[in-house]
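# Coordinate analysis (summary)
Listed below are the residues making up each chain.
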Amino acid sequence: MNRTIFQQQIFPIRHKLFRFALKITGNLHEAEDIVQEVMEKVWKTDDDQTNRVQSWEAWCMTLTRNRALDKNRARSIRRAQPLEAAPEGIDQHATPADALESNDLIEQIRKLMHELPEKQRIAMHLRDIEALTYEEISDLMDISLDQVKVNLHRARKAIREKLIGIETITP
């Protein structure tokens, strides 16, 4: 690995790798460790492997996913903490009531995402939070494009149905 490729291709995506590791593990310290391990592994990559990598981001995301899933299997627990404390994309000109309602909805969706099966949760995170394409998700998760679409559809449907159920209960 040469320094230029690392600085231009790998270092800028470290926050994305961290968010992804955190989404899978649910633990800040483990996510930090995973990103550090991935960065170290990429840095130590030999020239043959460096020449074969077509997309550094996809390769790093795959390494991150695999390492995070390995750590989860070792601990044998599911993730239970929210991804981030503050929601992204909130309208800065919204009224306090609108902002509060948006925050509540985002928090409900995050909680519901935690209840999804692992493949659905990861697919939804990669598409709706990380904004990856279906093809990138397919490569990262090592599943077919159809499976990506099915997992996203089922995840979104489950969350939609649970949100509708919550709204009908709330006065």
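Nothing here was measured: the structure is a model prediction, and the numbers come from that model.

Definitions and cut-offs
- Residues numbered from 1 in each chain as written.
- Predicted model: local features only at pLDDT ≥ 70, side-chain atom pairs only at ≥ 80, totals over all residues.
- Heavy atoms only, no water.
- Helix = DSSP H or I, 4+ residues; strand = E, 2+ residues; numbered from the N terminus.
- Contact = heavy atoms within 4.5 Å.
- Areas by Shrake-Rupley, 256 points an atom, 1.4 Å probe, with all protein chains shown as cover.
- Axes fitted to C-alpha atoms, helices over the stretch in contact; angles between N-to-C directions.
- Parallel < 35°, antiparallel > 145°, perpendicular 65-115°, else oblique.
- Left-handed = near helix turned anticlockwise from the far one by under 90°.
- Nonpolar A, V, L, I, M, F, W, Y, C, P; charged D, E, K, R; others polar.
- Expected span 1.5 Å × (residues − 1).
- Buried < 20%, exposed > 50% of the residue type's maximum accessible area, 1.4 Å probe, protein only.
- Salt bridge = Lys/Arg side-chain N within 4 Å of Asp/Glu carboxyl O.
- Core = buried A, V, L, I, M, F, W, Y, C linked by side-chain atoms within 4.5 Å.
- pLDDT = per-residue confidence, 0-100.
- Phe/Tyr/Trp six-rings, centres within 6.5 Å; stacked < 30°, edge-to-face > 60°.
- Lys NZ or Arg CZ within 6 Å of the ring centre and 35° of its normal.

### Things to note about the overall build of the protein
Tallying secondary structure elements over the protein gives 9 helices and 0 strands in all. Listed N to C, the secondary structure of the protein is α-α-α-α-α-α-α-α-α in terms of helices and strands. Residue pairs at least 24 apart in sequence account for 68% of intrachain contacts in the protein once pairs closer than 6 positions are excluded. Summed over its atoms, the accessible surface of the protein is roughly 10500 Å², and 50% of this surface lies on carbon and sulfur atoms.

### Quick notes on the packing of helix α2 (residues 14-25) against helix α3 (residues 28-43)
At a closest axis distance of 8 Å, the pairing of α2 and α3 adopts a crossing angle of 135 degrees. As the angle between them shows, α2 and α3 are arranged oblique. Two packed elements cross with a definite hand, and for α2 against α3 that hand is right-handed. Seen from α2, the contacting residues are R14, L17, F18, A21, L22 and T25; seen from α3, they are L28, E30, A31, E32, I34, V35, V38 and M39. Partitioned by chemical class, the residues of the contact of α2 with α3 number 10 nonpolar, 1 polar and 3 charged.

### Some details on helix α6 (residues 96-115)
Note on helix geometry: an α-helix contains 3.6 residues per turn, so any two residues three or four positions apart are oriented the same way. Along its 20 residues, α6 runs 29 Å from first to last C-alpha, staying within 8% of the 28 Å computed at 1.5 Å per residue. When we look at burial in α6, the residues that qualify are A99, R110, L112, M113 and H114.

### Points about the pattern of salt bridges
Summed over the entire model, instances satisfying the criterion amount to 7 salt bridges. The partner of K16 in a salt bridge is E57, and the shortest N-O contact between them spans 2.5 Å. Of this pair, K16 sits in helix α2 while E57 sits in helix α5 (residues 56-75), and the two are 41 residues apart along the sequence. Classification of E57 by relative accessible area gives partly exposed; the value is 27%. Taking the shortest distance from any N to any O, the salt bridge between E40 and K44 comes out at 2.8 Å. Via salt bridges that share partners, E37, R67 and K71 belong to a single interconnected network.

### With respect to the nonpolar core
Counting 40 residues, the largest nonpolar core has L17, V42 and L126 as its most contacted members. Of all the secondary structure elements, the ones that give two or more residues to this core are α1 (3-10), α2, α3, α5, α6, α7 (118-129), α8 (134-141) and α9 (145-169). No other element matches the 7 residues that α5 contributes to this core. L126 has contacts with F20, M61, A131, L132, I137, L140 and M141, leaving out every residue within four places of it along the chain.

### Observations concerning the confidence of the model for the protein
For the protein, per-residue confidence averages 83 on the pLDDT scale, and 85% of positions sit at 70 or higher. Taken element by element, the protein is modelled with least confidence in α6, mean pLDDT 83, and with most confidence in α3, mean pLDDT 93. Every residue in residues 77-90 scores below 50 in pLDDT, and together they form 30 contacts with partners more than four places removed in sequence or on other chains.

### Quick notes on the packing of aromatic side chains
In this structure the tally under the stated criterion is 2 aromatic pairs. Where F6 meets W43, the ring centres are 5.2 Å apart and the plane angle is 80 degrees; that geometry is what we call edge-to-face. You can see F6 sitting in helix α1 and its partner W43 sitting in helix α3, a full 37 residues away along the chain. Centre to centre, the rings of W56 and W59 are 5.7 Å apart; their planes meet at 75 degrees, and the pair counts as edge-to-face. Here W56 pairs with W59, and both are found in helix α5, just 3 residues apart, close to one helical turn. Taking the ring centre of F11 as reference, the NZ or CZ of R14 above it sits at 3.8 Å. Taking NZ or CZ as reference, R127 lies 4.5 Å from the ring centre of Y134, over its face.

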